[in-house]
Amino acid sequence: MIISWNTTKRCNLYCKHCYRDSNENPMYNELSTKEGLKLIEEIKEAGFKILILSGGEPLIRDDIEIFAKKASEIGLIPVLGTNATLIDKKRAKSLKDAGVKACAVSIDSVDENKHDNFRGKEGSFKKAIEGIKNLNEVGIRVQINSTIRKDNLHEIEALNEFAIENKASSHHPFFLVKTGRGLNIGDVFLDEDEYAKAIEEIIKLSKNSKIELKPTCAPQFMVEAKKQNINMRFSRGCIAGIKYCCILPNGDVHICPYAPIKVDNIRINTFDYIWKHNEIFLELRDFDKYKGVCKNCKNINICGGCRARAYEETNDYMEGDSICKLKTNWRSLN
């Protein structure tokens, strides 16, 4: 099980699609160091294995190493979700000493100018590359995350090669979800056919890729892998509320970072209690309660549809994922 804690909303970049609408302005209601340490204990108690410390940009907080060390000491695996622009040699060593095992770094194009434009700051590509090199030098595993859109759809293979060349252990293409600032860039979202073809391409590439290549926020990839007779190490496409959830900077608990569905707040109830007893989480774990095209789908167990996309389109997180139509033959696959 894996959990993402958005430790801050602050960020040194201004990405066009940011699901947290992050910026450089401080958020005064962020969990304190003391509250964060208590939360980490509750996450362990709830049975989670991997803790993603993300943001915003988590390295803006000066207590990230404290959180990572605490997580490591009690048996969690601490990893970071970062733009890597703040990772100089000193910070890389500090993260290594604190027990950070991996960093997921965002690279959205092999074209430096295109990446910088999407991330909202000139020079961010070069600084990210420098950060990746510093992580490699201290032995922290690197994963490259790429946000897939119409204007970089043709770069999937090139981005995977970039990840390999920069000694990453995995490459995860992320499919855009309309939330946060992403609501303002609708013209770059993939249509149904582009979405299906992109998943098919990624799964085909994964056969011979030297590193792990996995679509994210595209749960139908599990069905496509089944169709192509490829065994994946993953059990299900969408694990929101089942084996995954996220915590916002102020302690709100959401089913995933891309679905603005508040479940509870860890300042009101302990996280382990919320995870085990909250009605929304329990509903998501009952596949008989899913609706629309997902309700009677033969692949509900391995796919599940995107809960964030269902919510964005219908205001109901249990509704069907509209991107999954019969003509893609994901639902009709035996």
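For the structure, check the block above.
In this report, we go over the structure that sits alongside the text. (Residues numbered from 1 in each chain as written. Predicted model: local features only at pLDDT ≥ 70, side-chain atom pairs only at ≥ 80, totals over all residues. Heavy atoms only, no water.)

1. Things to note about the state of the cysteines
Under the convention used in this document: Criterion for a disulfide: a pair of cysteine sulfur atoms at a distance within 2.5 Å. Accessibility here uses a 1.4 Å probe with only protein chains present; expressed as a share of the type maximum, an area under 20% marks a residue as buried, one over 50% as exposed, and anything in between as partly exposed.
The tally for this structure, following the rule as stated, stands at zero disulfides. Unpaired in terms of disulfides, cysteine 246 finds its nearest cysteine sulfur in cysteine 256, a separation of 6.6 Å. Take cysteine 246: its relative accessible area is 0%, and that puts it in the buried class.

2. A word on the pairing of strand β10 (residues 259-265)
Where we set the bar: The secondary structure listing takes helices from DSSP runs of H or I that are at least 4 residues long and strands from runs of E that are at least 2 residues long, numbered from the N terminus. A pair of strands counts as paired when DSSP detects no fewer than two bridges linking them.
Counting buried residues along β10, five of its seven residues qualify, which places the element largely inside the surrounding structure. Linking strand β9 (residues 252-256) to β10, which pair antiparallel, is a turn of two residues.

3. Brief notes about the packing of aromatic side chains
Here the distance between the centres and the angle between the planes together describe a pair of aromatic rings. The condition is simple: Centres within 6.5 Å are what make two rings of Phe, Tyr or Trp a pair, Trp counting through its six-membered ring; a difference in plane orientation under 30 degrees is then read as stacked, over 60 as edge-to-face, and the rest as tilted. Geometrically, a lysine NZ or arginine CZ counts as sitting over a ring once it is within 6 Å of the ring centre and also within 35 degrees of the ring normal.
Summed over the entire model, instances satisfying the criterion amount to ten aromatic pairs. When the ring of phenylalanine 48 is compared with that of phenylalanine 271, the centres are 5.6 Å apart and the planes differ by 55°; the resulting orientation is tilted. Here phenylalanine 48 is found in the loop between α1 (33-45) and β2 (50-54), whereas its partner phenylalanine 271 is found in helix α9 (residues 271-277), with 223 residues between them in sequence. For the pair shown, phenylalanine 48 and phenylalanine 271 are each scored as buried. Ring plane angle 80° and centroid distance 6.1 Å describe the contact between phenylalanine 221 and phenylalanine 234, whose orientation is recorded as edge-to-face. One end of the pair, phenylalanine 221, is in helix α8 (residues 221-227); the other, phenylalanine 234, is in the loop between α8 and β8 (244-247), with 13 residues separating them in the sequence. With relative accessibility at 1%, the residue phenylalanine 221 sits in the buried group. Connected via pairs of aromatic rings, a cluster forms that spans Phe48, Phe271, Trp275 and Phe281. Above the ring of phenylalanine 189, the side-chain terminus of lysine 178 is found at 5.2 Å from the ring centroid. Across the ring face of tryptophan 275, the terminal group of arginine 285 is positioned such that the distance to the ring centre comes to 4.3 Å.

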